[in-house]
Amino acid sequence: MHLIKEKQPIEVITIFKKDGPKPYAIKWGGKKYIIEKINLRYEKRAGDGKLVYFSVTSEDNYFKLVFDTNNLKWYLEEAYHE
């Protein structure tokens, strides 16, 4: 397993619900990962909007994702993967 700690833009298939965004799948490193479980979700204020953090699992891979409501973009902050 490898740990990567580097904030980078990422493509995320997102479901928007009443309680906010929910990541469904991510595309990273030329591979698509289906999100099997959201382990943790929390928010922080950022300017006029907020940053929504997700700790997610896909198979044996763990990712920390951030959704920025100011620019509606997703970022990968950490990846622990095979």
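The coordinates are above.
What you see is a predicted model; the values in this text were computed from it and never measured.

Caption draft 1: Structural detail: the sheet that holds strand S8 (residues 73-81). Across the sheet, 5 strands lie side by side as S1-S8-S7-S6-S5; this open sheet has antiparallel pairing. A strand with exactly one partner marks an edge of an open sheet, and here the two such strands are strand S1 (2-9) and strand S5 (37-46). Looking at each pair of strands side by side, their axes are set apart by 15° on average, direction ignored. As defined by bridge partners, S1 adjoins S8 across 6 bridges and the pair is classed as antiparallel. Its bridge partner lying in S8, His-2 is registered against His-81.

Caption draft 2: Highlighting the pairing of S5. Pairing geometry for S5 and strand S6 (residues 49-58), over 9 bridges, is antiparallel. The residue of S6 that forms the bridge with Arg-45 is Lys-50. Joining the antiparallel neighbours S5 and S6 is a turn of 2 residues, in which Gly-47 adopts a positive phi near 65°.

Caption draft 3: Inspection of the sheet that holds strand S4 (residues 31-34) at higher detail. Overall, antiparallel pairing links the 3 strands, which are arranged S2-S3-S4 in an open sheet. Each of the sheet's edge strands pairs with one partner strand only, and the pair in question is strand S2 (11-17) and S4. Sheet twist, expressed as the mean angle between neighbouring strand axes with direction ignored, is 25°. Bridging between strand S3 (residues 20-28) and S4 involves 4 bridges; their strand directions are antiparallel. Bridge assignment links Lys-27 to a residue of S4, and that residue is Lys-32.

Scoring rules and cut-offs
Residues numbered from 1 in each chain as written. Predicted model: local features only at pLDDT ≥ 70, side-chain atom pairs only at ≥ 80, totals over all residues. Heavy atoms only, no water. Pairing = 2+ DSSP bridges. Helix = DSSP H or I, 4+ residues; strand = E, 2+ residues; numbered from the N terminus. Axes fitted to C-alpha atoms, helices over the stretch in contact; angles between N-to-C directions.

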